[in-house]
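A structural walkthrough
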Amino acid sequence: GTPSAVSSRAIAVATFTSKLADDAQDGDRGLTRRIAARLLRGRGRRALATLTELGFPVALFVELPTCQASIERSSPRSVDAFAAPSRELGAQIFAHAARAAGHAGFAPALHDLGAALASWLYGWDAWFDRDADRRRRRFNAWDAAGVTNDAPIAAWLHARLAPARAAVLTLPNGGPKA
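All of the points below concern the structure found in this document. (Residues numbered from 1 in each chain as written. Predicted model: local features only at pLDDT ≥ 70, side-chain atom pairs only at ≥ 80, totals over all residues. Heavy atoms only, no water.)

1. Here we look at the nonpolar core
Counting 13 residues, the largest nonpolar core has Val79, Phe82, Tyr122, Ala141 and Trp142 as its most contacted members. At the level of secondary structure, the elements contributing two or more residues to this core comprise helix H4 (79-100), helix H5 (107-136), helix H6 (141-144) and helix H7 (150-170). Residues within four places of Tyr122 in sequence aside, it is in contact with Gln68, Glu72, Val79, Phe82, Ala83, Ser86, Phe139 and Ala141. (Core = buried A, V, L, I, M, F, W, Y, C linked by side-chain atoms within 4.5 Å. Buried < 20%, exposed > 50% of the residue type's maximum accessible area, 1.4 Å probe, protein only. Helix = DSSP H or I, 4+ residues; strand = E, 2+ residues; numbered from the N terminus. Contact = heavy atoms within 4.5 Å.)

So this is what it looks like as structure tokens:
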């Protein structure tokens, strides 16, 4: 396949594999997660090898679960701090996609877009999973940050979309349409 297609497939597998490892570290012992992790084990290693060949910083995938756990243990009481590893991975994925597609000039804007979207997704996922995390006594970023109601969460999520919009507007043809 094309370099961008190969890169996209490898990023998808590496991302999913890293997410499964992070879930396991958070205490998810579900059968579905274990089966998926086993099925992806070899594919995950191959994806990382492919991404290494393409110049992607694979340490972001490999170290994500450990880095995330370290931040969670340090109790920063800030969802932005908890989201940092995901934000950086999202930024690098989007910037790498621009380079793999032969549009390196788009990399800075896509870096910012990926960072904003990954941060938003981290916060939304924690919000969506909050009740289940409480029932299972798992880590939840909003609870760890001391946020007890939905209004500040919604405001935080809304604020994370502003940098995404700004990044899109810097791309060619990303401006307002008539």
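2. Concerning the packing of H4 against H5
It is at 6 Å that the axes of H4 and H5 come closest, and there the two elements cross at 145°. In terms of crossing hand, the pair formed by H4 and H5 is right-handed. The residue makeup of the contact of H4 with H5, split by class, is 14 nonpolar, six polar and four charged. (Axes fitted to C-alpha atoms, helices over the stretch in contact; angles between N-to-C directions. Left-handed = near helix turned anticlockwise from the far one by under 90°. Nonpolar A, V, L, I, M, F, W, Y, C, P; charged D, E, K, R; others polar.)

3. Describing the pattern of salt bridges
In this structure the tally under the stated criterion is four salt bridges. For Arg134, the salt bridge goes to Asp131, with nearest N and O atoms at 3.8 Å. Taken together, the residues Arg134 and Asp131, both in helix H5 and three residues apart, mark about one turn of the helix. The class of Asp131 is partly exposed, set by a relative accessible area of 49%. The shortest N-O distance in the salt bridge between Arg134 and Asp143 comes to 2.8 Å. (Salt bridge = Lys/Arg side-chain N within 4 Å of Asp/Glu carboxyl O.)

4. What about the environment of Ser119?
Locating Ser119 in the fold gives a position in helix H5. Counting along the chain gives 45 residues from Ser119 to Ala164, while the straight-line C-alpha distance between them is 10 Å. In contact with Ser119, other than residues within four places in its own chain, are Asp80, Ala83, Arg87, Trp156 and Arg160.

5. Describing the packing of helix H1 (residues 3-25) against helix H3 (residues 59-74)
Relative orientation of the contacting elements H1 and H3 amounts to 25°, with a least axis distance of 8 Å. One way to sum up the angle between H1 and H3 is to call them roughly parallel. Seen along the crossing, H1 lies across H3 with a hand that is right-handed. Facing Ile11, Ala14, Thr15, Ser18, Ala21, Asp22 and Gln25 of H1, the residues of H3 in contact are Phe61, Leu64, Pro65, Thr66, Gln68 and Ala69. Classifying every residue of the contact of H1 with H3 gives seven nonpolar, five polar and one charged. (Parallel < 35°, antiparallel > 145°, perpendicular 65-115°, else oblique.)

6. A closer look at a positive patch on the surface
Together, Arg34, Arg38, Arg41, Arg43, Arg45 and Arg46 make up a positively charged patch on the protein surface. Along the chain, Arg38 turns up in helix H2 (residues 31-53). (Patch = residues over 30% accessible without salt bridge, like charges linked within 9 Å, V, L, I, M, F, W, Y side chains within 5 Å. Areas by Shrake-Rupley, 256 points an atom, 1.4 Å probe, with all protein chains shown as cover. Lys, Arg positive; Asp, Glu negative; His and termini not counted. Charge placed at Lys NZ, Arg CZ, Asp CG, Glu CD.)

7. Looking at the packing of aromatic side chains
Applying the stated criterion to the full structure yields five aromatic pairs. With a centroid separation of 5.0 Å and 20° between ring planes, the pair formed by Trp124 and Phe128 is classed as stacked. Of this pair, Trp124 and Phe128 both sit in helix H5, separated by four residues, roughly a single helical turn. By relative accessible area, which is 59% here, Phe128 ends up exposed. Through pairs of rings, three or more aromatic residues link up here, namely Trp120, Trp124 and Phe128. (Phe/Tyr/Trp six-rings, centres within 6.5 Å; stacked < 30°, edge-to-face > 60°.)

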